[in-house]
Amino acid sequence: MKPWQEAYEKRYKAAKERGRSFFPYAVFKDALVALIVFGVLSYLAIHFGAKLEELADPTDTTYNPRPEWYFLFLFQALKAFPGSLESVAAVVLPGAAILLLIAVPFMDSGPLRHPLNRPFWTALGIFAAGGVATLTFFGLRSPLLNPTQERNPQVMAGKRLFSELNCAYCHRINGKGGKVGPDLAAVAGTRSDDWLKAHFRNPKAVSPGSVMPKLNLLPEEIDDLTAYVQSLGTGGPYSPEAPKLFAADCEVCHTMHGKGADIGPDLSHIGAARERGFIKNYIMNPANTKPDSIMPSFKGQLTGLQIEDLTRYLAHQR
Amino acid sequence: MSASNDGGPRGWLYERTGVDRVWDALFARKVPEAQGWVSWLYTLGSATLFVFVLQAVTGTLLAMNYVPSPDHAYDSVRYINTSVVMGHYLRGLHHWGASAMVVLVGLHMLRTYFMGAYKYPREGTWMIGVLLLVVVIGFGFTGYLLPWDQKAYWATMVGTNIAGQTPFIGPYLKKIFRGGPEMGAATMTRFYALHVLVLPAIVGALIMGHLFLVVWHGISEPPTRAADADAEKEPGR
């Protein structure tokens, strides 16, 4: 043992002698703080609860993954690194930071403990803590990668039913799923809502010879399922006017198969990324879906029929 | 309170279990006194321990109503939220408790860092503390997937992709975490086992070590410039 370590032990022992009993002196303070923490947590739990979003959907490519807030600084740091160096920011730097933390007592050894007597380590600590706080702040404020999508709750309920009833066992959607029944993306839009509802009530009533079982659904469930199936397709054929309308009104900003401007996104495959309802709402009023969109609203500029036509045309672009 | 066998039931208990000596060592021990607001900084560690116990209790109660499979996880969490007695409160506590763990561990570490409390003879306490921080983050990461909602799924997708970026072992890590090339039922059972079996065992052992060292070395006294000046006079630094 070095002399200063011996001296420290002596000094600490003296400080302990002068000190107070852990119980109740420290235990009282600990208990009080624990009580306050419990109160704050209870308030948060009762007033905000824990959110539960929609059921996980592995096919959803438009979702904005948001990590829990304590990972945000890492994600924010990730943005500063180009693709090839991403592994450095994502794994190597945090790993090095942990190793550095473990090694701190050996690098900052010696008896001096007051922060002002260890200017380098104090500055490093403030710099690191400040950096994490700043990155977290900017991470919280950074805009979402994908615009938040206004979802039709009925469509979402239908989608959940679709998975609960294991419909994909027989039906495929855009080629994914069973092969017993028809591809629902191809069927959607070719049948009316009433036909689909009658079909869900009793498949054989409208499709004689169908092997689909009777589902015994509630009327609301039939409505949900109908909304979902209708949302899958392109909404039926579009008129020859639709491409002309697009060329006249949209190509000023958007590209379609290599033609048009690049102020807005390329829409050549928009039908694969967005459902029909989303496209229609977006054409009518972009700000409803994406508040900072610079695209003008076409509601009023185009007739309802034209918007529907344009929607079907865009939904066909897959 | 020392062992005094007067023949009564208390003396009998002390002789057989030594609880009086345990009490003396843990609670009747003397600690250096800190003055004013600084003394409150010394409560951060015990507050962390308190929230950990809260997480263990709420987590156990949640596990009684939870099903770790992609087919049922979401519905079982919804069931906890809507139908289980106090389920909404319980899940809220566990959710916010996770954030509180990170906050308190962070503050506790800042206190230790800026007071230089990791110095001789408490280096080991500090190192175990850093490992505890890593395990707390591991709890957060594995727990996030369990509700199997959109947020859970996609955040874990991103997280396992990041693990896949590790030099050399990345692709294997990713496969081990996901239980295969894709995320699915195997990912979920893996994360569940890590969250409720593996990490609690590790954290339990680390906490025992951490607490033992805290008691063994005694709680560090607040640093003063006077004490530092005394120490500088020591020869042979």
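Residues numbered from 1 in each chain as written. Chains lettered and ligands numbered in written order. Predicted model: local features only at pLDDT ≥ 70, side-chain atom pairs only at ≥ 80, totals over all residues. Heavy atoms only, no water.

Focus on the overall build of chain A
Alright, step 1. Regarding its fold elements, chain A presents 15 helices and five strands.
Alright, step 2. Over its C-alpha atoms chain A spans a radius of gyration of 31 Å, topping by over 25% the 20 Å that the globule rule assigns to 318 residues.
Alright, step 3. Overall size of chain A, expressed as C-alpha extent along the three principal axes, is 95 × 50 × 35 Å.
Alright, step 4. Per-residue burial for chain A yields a buried fraction of 40% across its 318 residues.
Alright, step 5. In chain A, the proportion of contacts linking residues at least 24 apart, taken out of those at least 6 apart, comes to 57%.
Alright, step 6. Summed over all atoms, the accessible surface of chain A reaches about 18,100 Å², with 63% contributed by carbon and sulfur.
Alright, step 7. Chain A carries 34 positive and 29 negative side-chain charges, and their two centres are separated by 7 Å. (Helix = DSSP H or I, 4+ residues; strand = E, 2+ residues; numbered from the N terminus. Rg over C-alpha atoms; globule rule 2.2 N^0.38 Å. Buried < 20%, exposed > 50% of the residue type's maximum accessible area, 1.4 Å probe, protein only. Contact = heavy atoms within 4.5 Å. Areas by Shrake-Rupley, 256 points an atom, 1.4 Å probe, with all protein chains shown as cover. Lys, Arg positive; Asp, Glu negative; His and termini not counted. Charge placed at Lys NZ, Arg CZ, Asp CG, Glu CD.)

Examining the nonpolar core
Alright, step 1. In this structure, Val37 and Leu41 of chain A together with Val51, Tyr66, Trp126, Trp148 and Tyr153 of chain B are the most contacted members of the largest nonpolar core, which totals 51 residues.
Alright, step 2. For this core, the leading source of residues is helix α6 (residues 87-114) of chain B, giving nine residues.
Alright, step 3. The residues touching valine 51 of chain B, leaving out its near neighbours within four places in the chain, are Val37 and Leu41 of chain A together with Gly97, Ala100, Met101 and Leu104 of chain B.
Alright, step 4. One finds Val155, Phe162, Leu196 and Leu225 of chain A within the second-largest nonpolar core, a separate group that totals 18 residues. (Core = buried A, V, L, I, M, F, W, Y, C linked by side-chain atoms within 4.5 Å.)

Thoughts on the domain arrangement of chain A
Alright, step 1. Splitting chain A by domain gives domain 1 (65-142), domain 2 (153-232) and domain 3 (241-315).
Alright, step 2. Computed over C-alpha atoms only, the centres of domain 1 of chain A and domain 2 of chain A are separated by 52 Å. (Domains from an automatic or database assignment.)

Considering the interface of chain A and chain B
Alright, step 1. Taken together, the contact pairs 84 residues of chain A with 92 residues of chain B.
Alright, step 2. Counting every contact that joins chain A to chain B gives three salt bridges.
Alright, step 3. A salt bridge links aspartate 108 of chain A to lysine 119 of chain B; the nearest nitrogen and oxygen atoms lie 3.3 Å apart.
Alright, step 4. At the junction of chain A and chain B, the tally comes to 44 residue pairs in polar contact (both at pLDDT 80 or more).
Alright, step 5. Sorting the residues of the side of chain A that touches chain B by element identifies α1 (3-18), β1 (20-21), α2 (22-47), α3 (72-79), α4 (86-107), α5 (119-141) and α6 (153-164) of chain A as the ones contributing at least two each.
Alright, step 6. With two bridges connecting them, β1 of chain A and strand β1 (residues 30-31) of chain B associate as antiparallel partners. Note that in β1 of chain B the partner of serine 21 of chain A across the bridge is lysine 30 of chain B. (Salt bridge = Lys/Arg side-chain N within 4 Å of Asp/Glu carboxyl O. Polar contact = N/O pair within 3.5 Å; in protein donor to acceptor, adjacent residues only side chain to side chain. Pairing = 2+ DSSP bridges.)

Some remarks on the side chain of lysine 29 of chain A
Alright, step 1. For lysine 29 of chain A, the location among the structural elements is in helix α2.
Alright, step 2. No salt bridge forms around the buried lysine 29 of chain A; measuring N to O, its nearest opposite-charge neighbour glutamate 33 of chain B is 6.7 Å away.
Alright, step 3. Other than its neighbours up to four places away in sequence, lysine 29 of chain A contacts Ser39, Trp40 and Thr43 of chain B.

Some thoughts on the packing of α4 of chain A against helix α7 (residues 123-145) of chain B
Alright, step 1. Direction vectors running N to C along α4 of chain A and α7 of chain B enclose 170°, while the axes themselves pass 9 Å from each other. As summarised for this structure, α4 of chain A and α7 of chain B are arranged roughly antiparallel, according to the angle between their axes. Of α7 of chain B, the residues touching α4 of chain A (which contributes Ile98, Leu101, Ile102, Val104, Pro105 and Phe106 of chain A) are Glu123, Trp126, Met127, Val130, Leu131, Leu133 and Val134 of chain B.
Alright, step 2. Residues that form the contact of α4 of chain A with α7 of chain B fall into these classes: twelve nonpolar, no polar and one charged. (Axes fitted to C-alpha atoms, helices over the stretch in contact; angles between N-to-C directions. Parallel < 35°, antiparallel > 145°, perpendicular 65-115°, else oblique. Nonpolar A, V, L, I, M, F, W, Y, C, P; charged D, E, K, R; others polar.)

Let's talk about the confidence of the model for chain A
Alright, step 1. Overall, the prediction assigns chain A a mean pLDDT of 86, with 96% of residues at 70 or greater.
Alright, step 2. Mean pLDDT values over the elements of chain A span from 75, in helix α12 (residues 270-273) of chain A, up to 95, in α2 of chain A. (pLDDT = per-residue confidence, 0-100.)

Re unusual backbone geometry
Alright, step 1. In this structure, proline 24 of chain A follows phenylalanine 23 of chain A across a cis peptide bond, with omega equal to 5°.
Alright, step 2. Relative to the elements of secondary structure, proline 24 of chain A occurs in helix α2.
Alright, step 3. In the segment running from tyrosine 120 of chain B into proline 121 of chain B, the intervening peptide bond is cis, with an omega of 5°.
Alright, step 4. Topologically, proline 121 of chain B is positioned in the loop between α6 and α7.
Alright, step 5. In this structure, histidine 257 of chain A takes a positive phi of about 50° despite not being glycine.
Alright, step 6. Among the structural elements, histidine 257 of chain A can be located in the loop between β4 (255-256) and β5 (259-260).
Alright, step 7. Relative accessible area serves as the criterion here: at 52%, histidine 257 of chain A is assigned to the exposed category.

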